[in-house]
Amino acid sequence: MSFETLLTERRDRVAIITLNRPQALNALNSTVMRELRQLLGELEADAGIGAVVLTGSEKAFAAGADIKEMQSLDFVDAYTGGFIGGWDEVAGFRKPIIAAVSGFALGGGCELAMMCDFIIASKTAKFGQPEITLGIIPGMGGSQRLTRAVGKAKAMDLCLTGRMMDAVEAESAGLVARLVEPERLLDEAVEAATKIAAFSLPSVLMAKEAVNRAFEQTLTEGLRSERRLFHALFATEDQKEGMAAFVEKRKPVFRNR
Ligand code: CO8
């Protein structure tokens, strides 16, 4: 399968997706959205894939929504057409997806990285929500996911001033899970994805679901959800295998059942 705006590669059970619009610093237009949704749909259905890495170029993960595409949009078209609504499907991808970010992750680029399960950043990464400089605000979760990730003070600072934060600040603020040298970025992300993809798929999906609930529910409801998912995993063969392997001092062989 070949795409106009994406490059794809498989390494064992890991799919690597590279945003590929170098002439526009990977600005996210409707073609990127359509192709990414299609590809993620295929990867979700593919039993041979256990985790995904989403990355960009050295200079830009993505410099935002495509300003040239949005420039002439008016309110009625944006509203009735549900402009950018399709990106919600990316956030709904059920398998683990890691953002490997180098260079600019701005506006929709920062929001896309935050839709992933965690961010591994190169020391060159720069994050920001500069929409305010264009007379708009974040539209794909920037005011919500960023606030949950870094807290109100820093989210307000970024959304109201449009300034960028560098990778060190992003890591200390809690937006970035791991910070690595630029040349290590893809390997670090693929190694993490490979590790995840080797675990039992039902437990991986439930771990992702449980952590995501923390963003949407009260603590009491979240703890209840976690307990249900935890109990459910005792119905899997992989739970028996994982625990038997520990007791027998051997490596588990998971069958994703
Ligand atoms: N949209 C369209 N084209 C872009 C974008 C963009 N977001 N960013 C860069 N480009 C293009 C430039 O126009 C330029 O093209 P050309 O050579 O044809 O003029 C090319 O990429 C290279 O860019 P620069 O020459 O500007 O490169 P610099 O290294 O000088 O600057 C910057 C890099 C600082 C990243 C600069 O390009 C910039 O400020 N870009 C815009 C950043 C921005 O404002 N992003 C937010 C966009 S709004 C948004 O994301 C709304 C989110 C809600 C919807 C989400 C849906 C996905």
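Cut-offs used in this document
- Residues numbered from 1 in each chain as written.
- Predicted model: local features only at pLDDT ≥ 70, side-chain atom pairs only at ≥ 80, totals over all residues.
- Heavy atoms only, no water.
- Phe/Tyr/Trp six-rings, centres within 6.5 Å; stacked < 30°, edge-to-face > 60°.
- Helix = DSSP H or I, 4+ residues; strand = E, 2+ residues; numbered from the N terminus.
- Buried < 20%, exposed > 50% of the residue type's maximum accessible area, 1.4 Å probe, protein only.
- Pairing = 2+ DSSP bridges.
- Axes fitted to C-alpha atoms, helices over the stretch in contact; angles between N-to-C directions.
- 1 Å grid on protein atoms, 1.4 Å probe; cavity = no way out; pocket = protein on both sides within 12 Å on 5 of 7 lines; lining within 4 Å.
- Points joined across faces, edges and corners; volume = space filled by probe spheres on them.
- Nonpolar A, V, L, I, M, F, W, Y, C, P; charged D, E, K, R; others polar.
- Near = heavy atom within 4 Å.
- Expected span 1.5 Å × (residues − 1).
- Contact = heavy atoms within 4.5 Å.
- Polar contact = N/O pair within 3.5 Å; in protein donor to acceptor, adjacent residues only side chain to side chain.

Engineer: For this particular structure, what's the right way to read the packing of aromatic side chains?
Structural biologist: Here the distance between the centres and the angle between the planes together describe a pair of aromatic rings. Across all of its chains, the model carries two aromatic pairs by this definition. Consider the rings of F75 and Y79, whose centres lie 5.5 Å apart with planes at 15 degrees: the pair is stacked. Residue F75 and its partner Y79 are located together in helix α3 (residues 75-80), separated by four residues, close to a single helical turn. Residue F75 is classed as exposed on the basis of its relative accessible area of 61%. Owing to a relative accessible area of 60%, Y79 belongs among the exposed residues under this scheme. Centroid distance F230 to F234: 5.3 Å. Interplanar angle 75 degrees. Geometry classified as edge-to-face.

Engineer: Can you walk me through the sheet that holds strand β10 (residues 178-180) in this structure?
Structural biologist: What holds strands together in a sheet is hydrogen bonding between their backbones, with the strands either parallel or antiparallel. Across the sheet, six strands lie side by side as β1-β2-β3-β5-β7-β10; this open sheet has mixed pairing. Each edge of the sheet is formed by a strand with only one pairing partner; in this case those strands are β1 (6-11) and β10. Neighbour-to-neighbour, the strand axes of this sheet turn through a mean angle of 20 degrees, independent of strand direction. For strand β2 (residues 14-19) and strand β3 (residues 51-55), the ladder comprises five bridges, and the chain directions are parallel. Among the inter-strand pairings, A15 is bridged to a residue of β3, identified as V52.

Engineer: Explain the layout of surface pockets to me, please; I cannot follow it from the model alone.
Structural biologist: To find leftover empty space, one rolls a probe the size of a water molecule over the atoms. Computed from the structure, the largest pocket encloses a volume of approximately 1,000 Å³. What lines the largest pocket is a set of 32 residues, and nearest its centre among them are M115, C116, D117, N212 and F215. Those elements that place two or more of their residues in the lining of the largest pocket are α5 (108-115), β7 (118-122), α6 (142-150) and α10 (201-216). Of the residues contributing to the lining of the largest pocket, the split by class is 20 nonpolar, four polar and eight charged. Of the volumes computed, that of the second largest pocket is approximately 610 Å³. Listing elements by their share of the lining of the second largest pocket, those giving two or more residues are α1 (30-45), α2 (67-70) and α5. No other element matches the three residues that α2 contributes to the lining of the second largest pocket. Considering only residue class, the lining of the second largest pocket consists of 17 nonpolar, eight polar and four charged.

Engineer: Got a minute to help me understand the site of the ligand in this structure?
Structural biologist: For the ligand, the set of nearby residues contains 25 residues, the closest of which are K59, A63, A65, I67 and G108. Those elements that place two or more of their residues in the shell around the ligand are α2, β6 (104-106) and α5. The biggest single contributor to the shell around the ligand is α2, with three residues. Partitioning the shell around the ligand into residue classes produces 15 nonpolar, five polar and five charged.

Engineer: Mind showing me how you'd approach the sheet that holds β6 here?
Structural biologist: On the basis of which strands lie adjacent, the open sheet formed by four strands has the order β4-β6-β8-β9 and mixed pairing. One side of each edge strand has no neighbouring strand; the edge strands of this open sheet are β4 (60-62) and β9 (164-166). For this sheet, the mean angle separating the axes of adjacent strands, direction not counted, is 20 degrees. Strand direction decides the pairing type here: β4 and β6, joined by two bridges, are parallel. Looking at β6, one finds that A60 is bridged to F104.

Engineer: Looking at this structure, how should I read α1?
Structural biologist: Each α-helix winds once per 3.6 residues, and so residues spaced three or four apart point in a common direction. Counted at 1.5 Å a residue, the expected span for α1 with its 16 residues is 22 Å, and the 23 Å between its end C-alpha atoms agrees. T31, V32, M33, E35, L36, L39, L40 and L43 are the residues of α1 that are buried. Taken together, the buried residues of α1 touch β1, β2, β3, α4 (88-91), β5 (97-101) and α5. Two or three places before T31, at the opening of α1, N29 has a side-chain oxygen 3.1 Å from that residue's backbone nitrogen.

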